[in-house]
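Working through the structure, step by step
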Amino acid sequence: MLTSNAMKWMAALLPFIVPAACKEAAVNDHRVVVYYQTTNFNNSATEHVSLLPLINNGAISVTHVLVAAIHIMDDDNGIRLNDYPPENPIFDQVWSDTAQLQAAGVTVMAMIGGAASGSWSRLNDGDDAQFEKYYGPLHDMIGTYNIQGLDLDVEQSTSLDGMIRLIDRLKKDFGSDFVISLAPVASALTEGGGSLSGFSYFDLEAQRGDQISFYNGQFYYGWGDASSASDYESIIDDGFPANKVVMGLVTNSANGNGYVDLDRQAPVLQELTGENPTFGGVAGWEFFNSLPGGNSAPWEWTAWMAEHIAPTAASEKREISSTEAVEDDVEDGPEVDVLLDREETAAEIRALFFNVSGLSQQKT
């Protein structure tokens, strides 16, 4: 297992090896997003839930992995990832895995907020001095672990002005390519629909839509129904563009109310991709026990989803916005340009890139 210092060194190196791979991932037809909160089985320090099968079992189906959940605190230096500071050794393998996913072209983000209270009141509901106090540790975590974007899961009432301040600061500090998504309950994306966030997503989209890559709508817990296309279509009818609306699904009935059996999910996805060629994709809560593979093969969920949202993609290609990939600040050399125009596998891309750069591919 890598040490925390080694992980920080790897994070420092990643900006030089990630950009070319991420550009290849930027031509996915529809997003396949996984939330990764359970990083260790039964809170064991040794039974790690590995992400590597997502990139080591044939074609890479996942587009985004969202490490969850960040909480803004008054202790632990101001920030926790679930129950521990992000530098805790329990996460060493997490950061090792995410680095390898990034090198394979997968966008690695982090989710902040969720059901636990406190983060949004600390970040959004105070004056500028309070914001700086609580934003600082979040900023440092993003930089230390080369996080490529944040998913803002606002499940307590907060202000629109506070959300705008945070989005503006993230874009200022990390650049226009830093990915920002939100995770509203699905009904919050419809006119007059229920919401947990305390602000209007229509107003947020109107004021900062150009800075938001996508919305992971929660179609479960009674806030949306994933067993039919109607709730998704209502969101599109009310004005949100299909390419920005991701259908959030429960991946296993053990993970919450609203799970839809895959046999019932298949025709819904077929209808959605048929009606919406720019369908935004799917997001799964959460990774570790996703069906059909369950605990032993949760990565099968991403392959199943990619297969079932692919038919429209075969006839109509959609390029995901460049804000969903990390790009280098320097101009690519000719060898890299040729690489990006070829339909290589992730492994070939990685091998050729390392050959061009002179870096070693040896795994630690």
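Quick notes on the packing of aromatic side chains
Considering all chains together, one arrives at 14 aromatic pairs under this definition. Measuring from centroid to centroid gives 6.3 Å for Phe41 and Phe288, while their planes differ by 65°, and the two rings are edge-to-face. You can see Phe41 sitting in the loop between β1 (31-36) and α2 (53-56) and its partner Phe288 sitting in the loop between β9 (281-285) and α10 (300-308), a full 247 residues away along the chain. When the ring of Tyr84 is compared with that of Phe91, the centres are 6.3 Å apart and the planes differ by 70°; the resulting orientation is edge-to-face. Of the residues examined, Tyr84 reaches a relative accessible area of 31% and is grouped as partly exposed. Taking the relative accessible area as the measure of exposure, Phe91 reaches 2% and is therefore buried. Among the aromatic side chains, those forming a connected cluster through ring pairs are Phe199, Tyr201, Phe202, Tyr215 and Phe240.

Quick word on the packing of helix α5 (residues 128-144) against helix α6 (residues 160-174)
Packed helices, taken two at a time, are described by the angle between their axes plus the distance between the axes. In the contact formed by α5 and α6, the axes pass within 12 Å of each other and the chain directions differ by 45°. Relative to α6, α5 is oriented oblique. Read as a crossing pair, α5 and α6 show a hand that is right-handed. Packed against α5, whose contacting residues are Asp128, Phe131, Glu132, Tyr135, His139, Ile142 and Gly143, the element α6 presents Arg165, Leu166, Arg169, Leu170, Asp173 and Phe174 at the interface. Residues that form the contact of α5 with α6 fall into these classes: six nonpolar, two polar and five charged.

Parameters and conventions
Residues numbered from 1 in each chain as written. Predicted model: local features only at pLDDT ≥ 70, side-chain atom pairs only at ≥ 80, totals over all residues. Heavy atoms only, no water. Phe/Tyr/Trp six-rings, centres within 6.5 Å; stacked < 30°, edge-to-face > 60°. Helix = DSSP H or I, 4+ residues; strand = E, 2+ residues; numbered from the N terminus. Buried < 20%, exposed > 50% of the residue type's maximum accessible area, 1.4 Å probe, protein only. Axes fitted to C-alpha atoms, helices over the stretch in contact; angles between N-to-C directions. Parallel < 35°, antiparallel > 145°, perpendicular 65-115°, else oblique. Left-handed = near helix turned anticlockwise from the far one by under 90°. Contact = heavy atoms within 4.5 Å. Nonpolar A, V, L, I, M, F, W, Y, C, P; charged D, E, K, R; others polar.

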